[in-house]
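Chains, contacts and geometry: an overview
Listed below are the residues making up each chain.
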Amino acid sequence: MPECDNPLWPCAMTGAAACLAGFGGMSVVIHGSSGCYYYPTTLLHAPLHGTFILENEVIFGSEDRLREVIGELSGTGNRIAVITTCVPAILGEDIQSMLAELDVLLVDSPGFSGDAETGYAKALSLLAPQTEMVTEGVNIDGICLLDPFYKGNLQEIRRLLDRASVPVATVFCRDTLRKTRTAATCTIGTNDDFMSGIGNYLGGTLGFDTLRVTFERLGTAFEDSDVDPVLQELSEQEEETVRICDKFLMRFDPPSAVIFAGASYAEFAAQTLERYLDADIRFIGTRNPGGSSRFPTATVTGLKEVKTFIDLYNPDIVLGSSFERSVSNNRAFYGITPPLRGVVRLAPVPLAGINGTLFFMEQVLNACMDHTRRVPG
């Protein structure tokens, strides 16, 4: 029986669901047990459908049940996608032959085939997005339902592009299904862990420096754009960030930090904390393999490892998920990666863009100050 190699991070099946469920005009079917349905449903907060196969389908085959669910969805007018899970994959059922005469997108992405990024990329590749020279504007990339900040990121980047008079083309992956066929030839990103690979990538939007470079490139690429209002706002808000952080450092020592997240968010957090708070970044534990980093970094896939690193480096603040919070021994904590259980999230808060950095620094400063008040030195 294949093992779950990374229990801290969603599997390939969930990543595929996160991609496809983000598109309007798509009905997504999770072909597997109830657990394989409820996990992505609760994590993604998106409408999904399930076959809920039981023991008898495992023994005698799941074709009838799968066809029944597809039949119930066939009158909706949506494109139907079926994502396979571990059980039918292990049983060796030929799902492709079962659905040969049906207009169904089959994503063979059982959990043991990889992490969320693997399933996400595979599902998107099967949609076969296309670019059109006549499509105006820029695509927004990295908008993934798995990301607790995706709504805020999308709202913030739309706001900044509007200020710069640059139209938004296709949003990957939170748009209508038909717009995957008419994407623009240029793309900017919000979370590089979930890159679509569509169009010419002009840069990311995490952190003030990265955002500045990206919008300067947008100003060059789009003749009718005016990026000066964005660059002016960026400079003003960076000055305010420096002022507030300096005020904090007059009262408190620079914090030490250990960060657990996807590689893209973890690197953003580390660079931002070091630059504006002179933070001591003692360790980064990534959920997924990332690029090179000048900080001590390793891919961490188990809760026991997480606890070991937290105890070893003894940071003032831990950034991560509910998993890290459960073993942080009452240290200051801020959540930047799923799952984030036990907290209410209503507002669409970002990590990308200008407001993303402001919100991130605000939360970290408040967490550090609150912890200092509760636990005097």
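To be clear, the structure that these remarks concern was listed above.
A few words now on the sheet that holds strand E6 (residues 138–141). As summarised here, the arrangement of the four strands in space is E7-E6-E9-E10, forming an open sheet in which the pairing is parallel. Sheet topology places strand E7 (168–171) and strand E10 (200–203) at the edges, where each strand pairs with a single neighbour. If you compare each strand with its neighbour and ignore which way they point, the axes differ by 35° on average. Here E6 pairs with strand E9 (residues 186–189) via three bridges, running parallel. When the bridges of E9 are listed, Asp-141 appears paired with Gly-189. Contacting E6, E7 and E9, helix H8 (residues 150–163) crosses the sheet at an angle of about 155° to E6.

To continue, consider helix H12 (residues 303–313). Within the span of H12, buried status applies to Val-306, Phe-309 and Ile-310. End-on, the buried residues of H12 take up no more than an arc of 100°, which puts them together on one face. Turned more than 90 degrees from where H12 packs its buried face, Lys-304 and Leu-312 sit exposed. Structurally, H12 contributes buried residues whose contacts are with strand E11 (256–261), strand E12 (280–286), strand E14 (317–320) and helix H13 (322–326).

Moving on to the sheet that holds strand E13 (residues 297–299). If you walk across this open sheet you meet the five strands as E13-E12-E11-E14-E15, and the pairing is parallel. Sheet topology places E13 and strand E15 (332–335) at the edges, where each strand pairs with a single neighbour. The sheet shows a mean angle of 15° between the axes of neighbouring strands, direction not considered. Pairing geometry for E11 and E12, over six bridges, is parallel. Looking across to E12, one finds that Ala-261 is bridged to Thr-286.

Bringing the pairing of E7 into the picture now. Bridge analysis of E6 against E7 gives two bridges, and the strand direction is parallel. What sits directly across from Val-138, in E7, is Val-168. As for the winding sense of the linkage, the β-α-β connection from E6 through H8 to E7 is right-handed.

The next point concerns the environment of Cys-173. Of note, Cys-173 is situated in the loop between E7 and strand E8 (175–176). According to the relative accessible area criterion, Cys-173 is buried, its value standing at 0%. As a C-alpha pair, Cys-173 and Ala-21 span 152 residues in sequence and 8.4 Å in three-dimensional space. Other than its neighbours up to four places away in sequence, Cys-173 contacts Cys-19, Gly-22, Phe-23, Tyr-120, Leu-124 and Ile-143.

Looking now at the nonpolar core. Soluble globular proteins tend to bury their nonpolar side chains together. Leu-20, Phe-215, Leu-273 and Phe-360 are the most contacted members of the largest nonpolar core, which totals 97 residues. Excluding its chain neighbours within four sequence positions, the residues that come into contact with Leu-20 are Met-26, Val-28, Ala-81, Ile-83, Leu-105, Val-107, Ala-123 and Leu-127. Among the nonpolar cores identified, the runner-up in size contains 12 residues, and Val-29, Leu-73, Met-98 and Val-104 belong to it.

On to the side chain of Glu-324, then. One can find Glu-324 in helix H13. Contacts of Glu-324, omitting those with residues within four sequence positions, involve Leu-8, Phe-260, Arg-287, Val-306, Ile-310, Val-318 and Phe-333.

Another aspect to go through is the pairing of E15. Of the two faces of E15, both are covered, the one formed by Ala-332 and Tyr-334 as well as the one formed by Phe-333 and Gly-335. Here four bridges tie E14 to E15, and the two strands are oriented parallel to one another. Within the sheet, the bridge partner assigned to Gly-320 lies in E15 and is Gly-335.

This part takes up helix H4 (residues 63–73). Among the residues making up H4, those that are buried are Leu-66, Val-69, Ile-70 and Leu-73. Projection of H4 onto a plane perpendicular to its axis shows the buried side chains occupying an angular sector of 100°, all on one side. Those residues of H4 that are exposed and aimed more than 90 degrees away from the buried face are Asp-64 and Glu-72. Contact partners of the buried residues in H4: strand E2 (26–31), strand E3 (49–50), strand E4 (79–84), helix H6 (95–98) and strand E5 (104–107).

This structure, assessed with the given rule, holds 17 salt bridges. For the salt bridge of Lys-179 with Asp-175, the shortest nitrogen-to-oxygen distance reads 3.6 Å. The class for Lys-179 is partly exposed, based on a relative accessible area of 22%. As a salt-bridge pair, Glu-238 and Arg-275 come within 3.6 Å of each other at their nearest N and O atoms.

Right, let's get into the packing of helix H9 (residues 208–221) against helix H10 (residues 228–251). Across the interface, H9 lies against H10 with an axial gap of 10 Å and an inter-helix angle of 170°. With respect to H10, the element H9 is oriented roughly antiparallel. Along its contact with H9, which presents Phe-208, Asp-209, Leu-211, Arg-212, Phe-215 and Glu-216, the element H10 presents Val-230, Leu-231, Leu-234, Ser-235, Gln-237, Glu-238 and Thr-241. Per-class residue counts for the contact of H9 with H10 are six nonpolar, three polar and four charged.

Quick notes on the rules
- Residues numbered from 1 in each chain as written.
- Predicted model: local features only at pLDDT ≥ 70, side-chain atom pairs only at ≥ 80, totals over all residues.
- Heavy atoms only, no water.
- Pairing = 2+ DSSP bridges.
- Helix = DSSP H or I, 4+ residues; strand = E, 2+ residues; numbered from the N terminus.
- Axes fitted to C-alpha atoms, helices over the stretch in contact; angles between N-to-C directions.
- Contact = heavy atoms within 4.5 Å.
- Buried < 20%, exposed > 50% of the residue type's maximum accessible area, 1.4 Å probe, protein only.
- Arc of directions from axis to C-beta.
- Right-handed = clockwise from strand over helix to strand, strands pointing away.
- Core = buried A, V, L, I, M, F, W, Y, C linked by side-chain atoms within 4.5 Å.
- Salt bridge = Lys/Arg side-chain N within 4 Å of Asp/Glu carboxyl O.
- Parallel < 35°, antiparallel > 145°, perpendicular 65-115°, else oblique.
- Nonpolar A, V, L, I, M, F, W, Y, C, P; charged D, E, K, R; others polar.

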